[in-house]
Amino acid sequence: MQTITNTATRYGWATIVLHWLVGLIFIGQFMLGFVMVRTSSQRTAFELIQLHKSIGFLLLGLIILRIAWRLGNVAPPLPPSVGALERRTAPLAHFALYVFQIALPLSGWALVSVSTLEIPSMPFNLFVMPNLPLTESDAAESFWASAHWYLAYAGMGLVALHVCAALRHHLLLRDSVLTRMITPSSAGE
């Protein structure tokens, strides 16, 4: 029987679902952001921006949940095939991914909070999300727009590095690093 929690050798269902859900939403948000700023129709651009903000708030909530779950569930150790350098750098790379996954939606929230347009954020049209307590100004909006852009591209660079590392483990090293994030743990492990 497969478990929701991690075991000594594999990740549980909760970790796997949160990992792939956050990863797919993160990549999808990048693509949506790329399209929304290049759309010629103002109406379509506005609707895509509202969707982007809604998904951004969802992503922020999911990544906070993922980090909380990670702190409460020990990750299985890396297989013996992983060298000493990678054992030291892998936790740093994962920490950087978490930082970017939190910083990116927070920078987007800051951007809409300082905007002089004062368009409310209504996640999925359910409620009005309050702005962060930041001063509105064109200069602040320019700063947070740049920060959000740079964080998006740097975050996607980290995601690409993460994917390449996972594929290296699966295709070249032929170890269990990728498969244990696909197949959940069992109660008997």
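Everything in this summary refers to the structure shown in the same document.

Reading the values: the criteria
- Position labels on residues start from 1 in each chain and follow its written sequence.
- Residue-level local features of this predicted model are given only where pLDDT is at least 70; pairs of side-chain atoms are given and counted only at 80 or more, and the full residue set underlies all totals for whole chains, interfaces and linings.
- Remark: hydrogens and water are excluded; side-chain values derive from all non-hydrogen atoms of the structure.
- Cavities and pockets were defined on a 1 Å grid built over protein atoms only: a cavity is a set of grid points that admits a 1.4 Å probe from which the probe cannot escape, a pocket is an open set flanked by protein on both sides within 12 Å along at least five of seven lines, and lining residues are those with an atom within 4 Å of any such point.
- Grid points are joined across faces, edges and corners, and a volume is the space filled by probe spheres set on the points.
- Secondary structure follows DSSP: runs of H or I at least 4 residues long count as helices, runs of E at least 2 residues long count as strands, and numbering of each begins at the N terminus.
- Only centres within 6.5 Å qualify two rings of Phe, Tyr or Trp (six-membered ring in Trp) as a pair; their planes then separate them into stacked at under 30 degrees, edge-to-face at over 60, and tilted for everything else.
- Each residue gets one of three labels from its accessible area relative to the maximum for its type: buried under 20%, exposed over 50%, partly exposed in between, using a 1.4 Å probe on protein chains only.
- Whether a charge sits over a ring comes down to the Lys NZ or Arg CZ being within 6 Å of the ring centre and within 35 degrees of the ring normal.

### Quick look at the layout of surface pockets
So, point 1. Taken as a whole, the largest pocket encloses approximately 1,200 Å³ of empty space.
So, point 2. Elements with a minimum of two residues in the lining of the largest pocket: α1 (13–36), α2 (42–72), α3 (84–114) and α4 (138–173).
So, point 3. Its boundaries defined by the atoms lining it, the second largest pocket holds a volume of some 950 Å³.
So, point 4. Looking at the second largest pocket, it is lined by 34 residues, and the ones nearest its centre are Met-36, Ile-49, His-52, Leu-111 and His-148.
So, point 5. Elements with a contribution of two residues or more to the lining of the second largest pocket: α1, α2, α3 and α4.
So, point 6. Per element, the largest residue contribution to the lining of the second largest pocket is eight residues, and it comes from α2.

### Comments concerning the packing of aromatic side chains
So, point 1. Tallied over the entire structure, the rule returns five aromatic pairs.
So, point 2. With centroids separated by 5.3 Å and ring planes inclined at 85 degrees, the aromatic side chains of Phe-57 and Trp-109 adopt a geometry described as edge-to-face. Here the residue Phe-57 occupies a position in helix α2, and Trp-109 occupies one in helix α3, the gap between them amounting to 52 residues. Each member of the pair, Phe-57 together with Trp-109, is buried.
So, point 3. Ring plane angle 90 degrees and centroid distance 4.9 Å describe the contact between Trp-149 and Tyr-150, whose orientation is recorded as edge-to-face.
So, point 4. Its relative accessible area of 47% is what places Trp-149 among the partly exposed residues.
So, point 5. Three or more aromatic residues joined by ring pairs form one cluster here, namely Phe-30, Trp-149, Tyr-150 and Tyr-153.
So, point 6. Positioned over the ring face of Phe-34 is Arg-38, at 3.6 Å from the centre of the ring.

By themselves, these figures tell us nothing about what the structure is for.
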